[in-house]
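# Residue-level structure breakdown
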Amino acid sequence: MDGDLIFHKPALVKALTRTGNVLLTLKKETGYAKTGLEFCEDYIISDIGKHISSGLTYANIMKIERNTLALFREVLSAGDARKRWYTVPLSRILDRVKFTAVDAGNDFYEINTYSDYLTVRDIFLKDVSLIMVTGANGFLGNKIYHILKRDYNVIGICGHAGGKYDAVDLSDYDILSAYVASKKPGIIINTAGIAEPEACERDKYKTQKINIWAVDNLVKVCRLHNIKLIHISTDYVFDGEKEEDYYKFDVRKPKNFYGETKMMAEDIVNSYPNSLIVRIPVIYGFNDENDKETFPAKVIRTLSNNGTINADDVQIRYPVLIDEVAFSIGKALHRTGIIHITSSQGVSKYEWAQTIAKVFSLNAAKIHRCKQKSENRPLHVHLHVSDADFVVSDIEEGTKIMKKQMNCVFKLIYKSLPYQNIYGRNIGVYRFELGRKLAACIPQNIMKSLDSIVPVPSSGIYYAMGLSCASKIPFVEALVKPDVQTRSFQIADVGTREKMIHDKIYPIKDFLKGKRVALVDEAIFTGTTLRVVCDMVWACGVKEIFICIPTPVCKNICDQYIQPERRMLCEDKEIDLSEYFHVNAVFFQKYENFVESIEDDPDMCYECFQKYISGGK
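Quick notes on the rules
Residues numbered from 1 in each chain as written. Predicted model: local features only at pLDDT ≥ 70, side-chain atom pairs only at ≥ 80, totals over all residues. Heavy atoms only, no water. Pairing = 2+ DSSP bridges. Helix = DSSP H or I, 4+ residues; strand = E, 2+ residues; numbered from the N terminus. Contact = heavy atoms within 4.5 Å. Axes fitted to C-alpha atoms, helices over the stretch in contact; angles between N-to-C directions. Phe/Tyr/Trp six-rings, centres within 6.5 Å; stacked < 30°, edge-to-face > 60°. Buried < 20%, exposed > 50% of the residue type's maximum accessible area, 1.4 Å probe, protein only. 1 Å grid on protein atoms, 1.4 Å probe; cavity = no way out; pocket = protein on both sides within 12 Å on 5 of 7 lines; lining within 4 Å. Points joined across faces, edges and corners; volume = space filled by probe spheres on them. Polar contact = N/O pair within 3.5 Å; in protein donor to acceptor, adjacent residues only side chain to side chain. pLDDT = per-residue confidence, 0-100.

Time to look at the sheet that holds strand β11 (residues 187-190). Spatially, the eight strands line up as an open sheet ordered β10-β9-β8-β11-β12-β13-β17-β19, and their pairing is parallel. Looking at which strands have only one partner, the edges of the open sheet turn out to be β10 (166-167) and β19 (390-391). One ladder, built from six bridges, connects strand β12 (residues 228-234) with strand β13 (residues 275-280); its direction is parallel. Bridging across to β13, T234 finds its partner in I280. The strands touched by helix α9 (residues 257-270) are β12, β13 and β17 (337-342); relative to β12, the strand with the most contacts, the crossing angle is about 155°.

What follows is the structure in structure tokens.
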């Protein structure tokens, strides 16, 4: 085994448990300095060496049988073999002994360079590598922060005090350096900046301060602490006069001061080898109701109020959905250089507004075509994409996703606070009523045997109150958790989620010992939270546990980026939920009751709960 390898344990187990002589292999094209393999029937190796170009590469781990070892030692010590890579003498005995190629799997890497180290650190040690997002209170920064937080340890900073993020002035080197030294991030993603061309022209000093000087400070700090820097740039570094796509290293000729500052920032970042520049076109999407007003939001607001939109039909843009930008950056954390993220279909603002009106069922006749002055804006920039870049959804598909995000049922059942009013409903009252309806879904003999209704905090509280009211069974908060900003539902990694649950939920044993309880939570997705909670409750000495869910069975993965990508527990039709949770029974809300509770809003997205949706789910 070579000493510069990193991989998961199962790869080694494959070699150790296979009989005979084994070479672990990777199904990758042989690259520079890699060792290629040729094989015949049953993956028996016929030749090995760096001279071989094939789709199978030696992973630098072999298992050799005792009776083959003597022969291998003999050829290793013969003549000039000791001066050669050991696969050369190995190739000389392949006609006398068998070596079988065994697939090592995908996550198998060799660390030869610092770049290799950064790659494997992000892949294998992502739970201990801190990512810092600047401008985390901004439109794009907010989305990147929340998307990456599903899989990584992420902190956010912003330029102004107040809110949930630390305020750090990026233009003050001493403050920035001290903050970074205290937090020790492995990666900094810089989304901070002034992006509106008109605002840049109005206040050039402020624009230079944020778009250039702050970037220079970030590079200095990253260089000092050996931190990876990912910097968000723009297609406005190009002039838009070229008919073909713009390649990464085409001549940059920005048409306005905004583009000039972004070009200068690119040059500063480019001087630092451990950096990545991410060029994107205009962005759109949805975080929450506190978003700044983007072009889609303006169109929706204006047309909803029966207003008129005058939209330019000259300049062509390639809008990108902020969710997909965030996911693309997540996939490129280990890269350096420049990458492009773009959509493939160009649109003018007039065409974009027409698409928005179509998707949101608004009056497109109120959208008027016009030609706006565009001397200081590029007319048509399409970023060239290679295999290392990312092409995201076109405007119609992305707008449909945005609409579903804006009308997600999770605002009602989970994400919003009880005192808020969403979609014309008070959240607390809505959840209370769903809890009341749940009472009719639980057999009467079980209801009569229960001692208490216990909510899983804090999402189950109002549902449990409604169930208690309808059933006349005492509502008891036997599980308590302190206030935390990050909820386990938002974390994709199961191990991290389980730790969070143990850290944040505290059972009160005296309320649980010897009782028959109904545990109430808002839904079952992966089942991680509830399974840990059930273990806690059993440990307190309960007699029986019945899980009661005020929403229907959730079988479908969210395609709108609201939930992390993960397998839904109820996707498995064969699973016995009672056995999985180690409880006496599991009860769900009737699907018809749930649909009835949201029927007043025809735009509501509840695909994750639907019995049948497109795609065959």
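Here the narrative resumes.
Enumeration over the complete set of coordinates arrives at 14 aromatic pairs. When the ring of F594 is compared with that of Y606, the centres are 6.3 Å apart and the planes differ by 80°; the resulting orientation is edge-to-face. In this pair, F594 is assigned in helix α22 (residues 591-597) and Y606 in the segment after α22, connecting sequence segments twelve residues apart. Judged on exposure class, the residue F594 and its partner Y606 are both buried.

By way of backbone hydrogen bonds, the strands of a sheet pair with one another, either parallel or antiparallel. Spatially, the four strands line up as an open sheet ordered β22-β25-β26-β27, and their pairing is parallel. Whereas interior strands pair on both sides, the edge strands pair on one side only; in this sheet they are β22 (452-455) and β27 (585-588). Taking each pair of neighbouring strands and ignoring which way they run, the sheet shows an average axis angle of 25°. Strand direction decides the pairing type here: strand β25 (residues 516-520) and strand β26 (residues 544-549), joined by five bridges, are parallel.

Here the focus is empty space enclosed by the protein. Enumeration over the complete set of coordinates arrives at two cavities of 30 Å³ or more. Of the voids in this model, the second largest cavity is the one considered here, and its volume is about 100 Å³. Taken together, 14 residues make up the lining of the second largest cavity; nearest its centre are C558, Q560, C605, E607 and C608.

Turning next to the environment of Y423. By secondary structure assignment, the location of Y423 is in the loop between β20 (421-422) and β21 (425-426). Among the polar contacts made by the side chain of Y423, one reaches the main-chain carbonyl oxygen of M406 at a distance of 3.1 Å. From its side chain, Y423 meets the backbone oxygen of C408 in a polar contact 3.1 Å long.

Attention shifts here to the confidence of the model for the chain. Interpreting fine coordinate detail is not advised for predicted regions of low pLDDT. Of all residues in the chain, 91% have pLDDT values of 70 or greater, and the mean over the chain is 88. The model gives residues 612-617 a pLDDT under 50, and that stretch makes seven contacts with residues more than four places away or in other chains.

What follows covers unusual backbone geometry. In terms of backbone geometry, most residues other than glycine have negative phi values and most peptide bonds are trans. In this chain, P457 is followed by S458 through a cis amide linkage whose omega measures -10°. Backbone geometry at K184 places phi at a positive 55°, although glycine is not the residue there. In this structure, K184 sits in the loop between α6 (173-183) and β11. Look at K184 and you get exposed, because its relative accessible area is 63%. Of note in the backbone geometry, N306 takes a positive phi value of approximately 65° without being a glycine.

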